[in-house]
Amino acid sequence: MCLAVPGKVLDIEERDGTRMANVDFGGVVKEVCLEYVPDLAVGEYAIVHVGFALQRLDEESARKTLALFEELGLLQEEFGDPWEAAAGGAPPWVTEARAVPGADSGDGAREARQ
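These remarks concern the structure in this document. (Residues numbered from 1 in each chain as written. Predicted model: local features only at pLDDT ≥ 70, side-chain atom pairs only at ≥ 80, totals over all residues. Heavy atoms only, no water.)

## As for the pairing of strand 1 (residues 5-15)
Working step 1: As judged from the 4 bridges shared by strand 1 and strand 4 (residues 45-49), these two strands associate in the antiparallel manner. Looking at the pairing, G7 lines up with A46 of strand 4.
Working step 2: One ladder, built from 7 bridges, connects strand 1 with strand 2 (residues 18-25); its direction is antiparallel. Note on strand 2: the bridge partner recorded for V9 is V23.
Working step 3: What sits between the antiparallel neighbours strand 1 and strand 2 is a turn of 2 residues, in which D16 has the positive phi angle 55°. (Pairing = 2+ DSSP bridges. Helix = DSSP H or I, 4+ residues; strand = E, 2+ residues; numbered from the N terminus.)

## What about the pattern of salt bridges?
Working step 1: Throughout the structure, instances matching the rule amount to 6 salt bridges.
Working step 2: Its salt-bridge partner being R56, residue E44 comes within 3.1 Å of it at the nearest N-O pair. One end of the pair, E44, is in the loop between strand 3 (28-33) and strand 4; the other, R56, is in strand 5 (residues 52-57), with 12 residues separating them in the sequence.
Working step 3: What makes E44 partly exposed here is its relative accessible area of 26%.
Working step 4: The salt bridge partner of K64 is E60, with a shortest N-O separation of 3.0 Å. Placement of both K64 and E60 in helix 1 (residues 59-72) is noted, with a separation of 4 residues, approximately one turn of the helix.
Working step 5: Judged by relative accessible area, K64 falls into the exposed class, the value being 55%.
Working step 6: Salt bridges sharing common partners tie together E13, R15 and E31. (Salt bridge = Lys/Arg side-chain N within 4 Å of Asp/Glu carboxyl O. Buried < 20%, exposed > 50% of the residue type's maximum accessible area, 1.4 Å probe, protein only.)

## Structural notes on the packing of aromatic side chains
Working step 1: Throughout the structure, instances matching the rule amount to 1 aromatic pair.
Working step 2: With centroids separated by 5.4 Å and ring planes inclined at 35°, the aromatic side chains of Y36 and F52 adopt a geometry described as tilted. Taken together, the residues span a long stretch of sequence, with Y36 in the loop between strand 3 and strand 4 and F52 in strand 5 at a distance of 16 residues.
Working step 3: According to the relative accessible area criterion, F52 is partly exposed, its value standing at 32%. (Phe/Tyr/Trp six-rings, centres within 6.5 Å; stacked < 30°, edge-to-face > 60°.)

## Re the nonpolar core
Working step 1: V5, V23, F25, V32, L34, L40 and A53 are the most contacted members of the largest nonpolar core, which has 16 residues in total.
Working step 2: Residue assignment for this core shows that the elements contributing at least two residues are strand 1, strand 2, strand 4 and helix 1.
Working step 3: By residue number, the principal contributor to this core is strand 2, which donates 3 residues.
Working step 4: Among all residues touching V23, those that are not within four sequence positions of it are G7, K8, V9, V28, V29, K30 and V32. (Core = buried A, V, L, I, M, F, W, Y, C linked by side-chain atoms within 4.5 Å. Contact = heavy atoms within 4.5 Å.)

Written out as structure tokens, the structure is:
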């Protein structure tokens, strides 16, 4: 799932003509493009989606949203380590893996021999 997540701008720099920032999302810091919100300043909050700041947000709203996302486990889902998640097996909402009858397993040659 891709969320638009509020984050706090930690620093800003221009890189190859593009305004970029390090943004803190409740303890996870990511690099974000600020081109859509060019007047955003250090210390302000923004809604960020797929690496782009889209809109300025007040601090109270940002903190409430981050707390809710944390409570729901969405921050870990959005920013967690994909290697760690893959090593853990199926997502927590999947209780049992089942084969679909008649589905091609991807090994057509083996199935043809049977």
